[in-house]
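Structural overview for review
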Amino acid sequence: MDQELILELPNDIHSIEHAVEYVMEHCSGCCAYARKLNLNFRVGLSEALSNAMLYGNNRDPGKRVRVEVTVREEQVTARVTDQGSGFDHTLVPDPTLPGNRSKPGGRGIFLMKSLMDEVQFNEEGNSVTLILRLEEGSPDLAGGASA
Amino acid sequence: MAFQVSKSGDVTVIDVEGQLIVGNRQELKQKVLDELEGGERKFVVDFSSTGYIDSSGLGVLVSLSKKIREQGGELRIASLNEDLRTLFELTKLDTLFKIADSRDEALTGL
């Protein structure tokens, strides 16, 4: 059931919905984990694409975002790479702290980290790899929460 | 049409159909701000027909709630499914909003 997908997206936030739907269609063979895929993976991938387009590529319509997805029996992996200069994800404050809850932004990376089993940034900070495990007993959305 | 605006007494109800995401959040924001500018102060956002909200969608709700409160009004959330409620709980936004199980419950006492 191994599948690999590579997408090159324009830096247009309106392309996110279609790209995510396209990727999800290729995960349909993992129906035993439908909820994890439909929520955890969908949210994680959407947030990674939003961050890449809005902050990584700084909304520049001349730039692109590369998405590499691997679907295996035991896990789904997505690497999202923008053409920006990168950023330090550790500097993003915890949006769940009382003083940050009423801020309109800052929840994207938190949701990625909460909903995926692993989130890895490259050293440059312009590429993020999301890993969701599809194993018996691996945490679902509620169990995977690290809030 | 992703957002349907209707009235229930003096409450403005917005139905979110499909998704509230980075690609359409500005549309919701503008609709609510137009109503606020027109004098409306009580709002319910009904998610009974919503499949997915991303962090930008959550952010626009936070932003709108703040603007409405500044005008002496209130924005309530209604009819979250299990997955959407989990997103509100994960982000602790369930502490920021009054979340009702149904539209009728949200309208009660508003």
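Residues numbered from 1 in each chain as written. Chains lettered and ligands numbered in written order. Predicted model: local features only at pLDDT ≥ 70, side-chain atom pairs only at ≥ 80, totals over all residues.

As paired elements, strand β1 (residues 3–8) of chain B and strand β2 (residues 11–16) of chain B share six bridges and run antiparallel to each other. Pairing of Ser8 of chain B across the sheet is with Val11 of chain B, part of β2 of chain B. (Pairing = 2+ DSSP bridges. Helix = DSSP H or I, 4+ residues; strand = E, 2+ residues; numbered from the N terminus.)

Strand-to-strand pairing in sheets goes through backbone hydrogen bonds, with the strands running parallel or antiparallel. Residues and elements named next belong to chain B. Ordered in space as β1-β2-β4-β6-β7, the five strands form an open sheet in which the pairing is mixed. Among the strands making up the open sheet, the edge pair consists of β1 and β7 (98–100). Neighbouring strand axes in the sheet, compared pairwise and without regard to direction, differ in orientation by 25° on average. Set on the sheet, helix α1 (residues 25–37) makes contact with β1, β2 and β4 (42–46); between it and β1 the angle comes to about 25°. (Axes fitted to C-alpha atoms, helices over the stretch in contact; angles between N-to-C directions. Contact = placed C-beta atoms within 7 Å.)

We now examine unusual backbone geometry. Residues and elements named next belong to chain A. At Asn58, a residue that is not glycine, the phi angle is positive and equals roughly 50°. When you line up the elements, Asn58 lands in the loop between α2 (34–56) and β2 (64–71). Taking the C-beta count within 10 Å as the criterion, Asn58 has 13 such neighbours and is therefore assigned partly exposed. Its identity is not glycine, yet Arg59 carries a phi of approximately 65°, on the positive side. Along the chain, Arg59 falls in the loop between α2 and β2. (Buried ≥ 20, exposed ≤ 12 C-beta atoms within 10 Å, placed from the backbone.)

Taken together, the contacts link 21 residues of chain B with 25 residues of chain A. Broken down by secondary-structure element, the contributors of at least two residues to the side of chain B that touches chain A are α2 (55–70) and α3 (82–90) of chain B. Per-element accounting of the side of chain B that touches chain A gives the leading share, seven residues, to α2 of chain B. Taken together, the residues that form the side of chain B that touches chain A break down as eight nonpolar, nine polar and four charged. (Nonpolar A, V, L, I, M, F, W, Y, C, P; charged D, E, K, R; others polar.)

Below, the discussion takes up the packing of α2 of chain A against helix α3 (residues 108–115) of chain A. All names here are of chain A. Axis separation between α2 and α3 bottoms out at 9 Å; the angle between their running directions is 150°. Accordingly, the angle class assigned to the pair α2 and α3 is roughly antiparallel. As α2 packs across α3, the resulting crossing turns out to be left-handed. For the pair α2 and α3, the contacting residues are Asn40, Val43, Gly44, Glu47, Ala48, Ser50 and Asn51 in the first and Gly108, Ile109, Leu111, Met112 and Leu115 in the second. Of the residues contributing to the contact of α2 with α3, the split by class is six nonpolar, five polar and one charged. (Parallel < 35°, antiparallel > 145°, perpendicular 65-115°, else oblique. Left-handed = near helix turned anticlockwise from the far one by under 90°.)

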